[in-house]
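Structural description and commentary
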Amino acid sequence: MGDSRRTTQIRQKIKEILGWDCTMNDEMLVKNYAVTTDGDLIMRLR
């Protein structure tokens, strides 16, 4: 999946699930979040 499509998909899921627009930069976004092939949002906690 391309980076642009990946970040867009993550931002859409965050909006859908958490109810807010994510303003995080793309690098941090893909480092901390992912979307599975089933459409589940994964949040990496450190």
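Please refer to the structure placed before this passage.
Our subject in this report is the structure included herewith. (Residues numbered from 1 in each chain as written. Predicted model: local features only at pLDDT ≥ 70, side-chain atom pairs only at ≥ 80, totals over all residues. Heavy atoms only, no water.)

1. Some remarks on the overall build of the protein chain
Which entries qualify depends on this criterion: Helix and strand definitions follow DSSP, with helices as H or I runs of at least four residues and strands as E runs of at least two, each counted in order from the N terminus. Buried, partly exposed and exposed residues are distinguished by accessible area as a fraction of the type maximum, computed with a 1.4 Å probe on protein chains only: under 20%, between the cut-offs, and over 50%, respectively. Contacts were defined at the residue level, with two residues in contact if any of their heavy atoms lie within 4.5 Å. Accessible areas in this description were obtained via Shrake-Rupley with a 1.4 Å probe; residue shielding takes into account the shown protein chains only. Charge counting treats Lys and Arg as positive and Asp and Glu as negative, with His and both chain ends excluded. We put the charge of a Lys on NZ, of an Arg on CZ, of an Asp on CG and of a Glu on CD.
Looking only at helices and strands, the protein chain features two helices and two strands. Counted from the first residue to the last, the protein chain has its helices and strands arranged as α-α-β-β. Overall size of the protein chain, expressed as C-alpha extent along the three principal axes, is 25 × 25 × 20 Å. Out of the 46 residues belonging to the protein chain, those deemed buried represent 26%. Intrachain contacts of the protein chain at a sequence separation of at least 6 include 18% that bridge at least 24 residues. Accessible area of the protein chain: about 3600 Å², with a carbon and sulfur share of 48%. Here the protein chain carries 8 positive and 7 negative side-chain charges, and the mean point of each set is 3 Å from the other.

2. Digging into helix α1 (residues 3-18)
Basically, it comes down to this: The span you would expect from a helix comes to 1.5 Å times its residue count less one. This arc is built from the directions going out from the helix axis to the C-beta atoms.
In a regular helix each residue adds 1.5 Å, so 16 residues correspond to 22 Å; α1 covers 22 Å between its end C-alpha atoms and thus fits that length. Along α1, the residues classified as buried are T7, I10, K13 and I14. Down the axis of α1, the buried set is contained in an arc of 125°. They therefore lie on one face. Of the exposed residues in α1, those oriented more than 90 degrees away from the buried face are S4, R5, Q12 and E16. Buried residues along α1 sit in contact with α2 (26-32), β1 (33-35) and β2 (41-43). G19 occupies a position one or two residues after α1 and carries a positive phi of about 80°.

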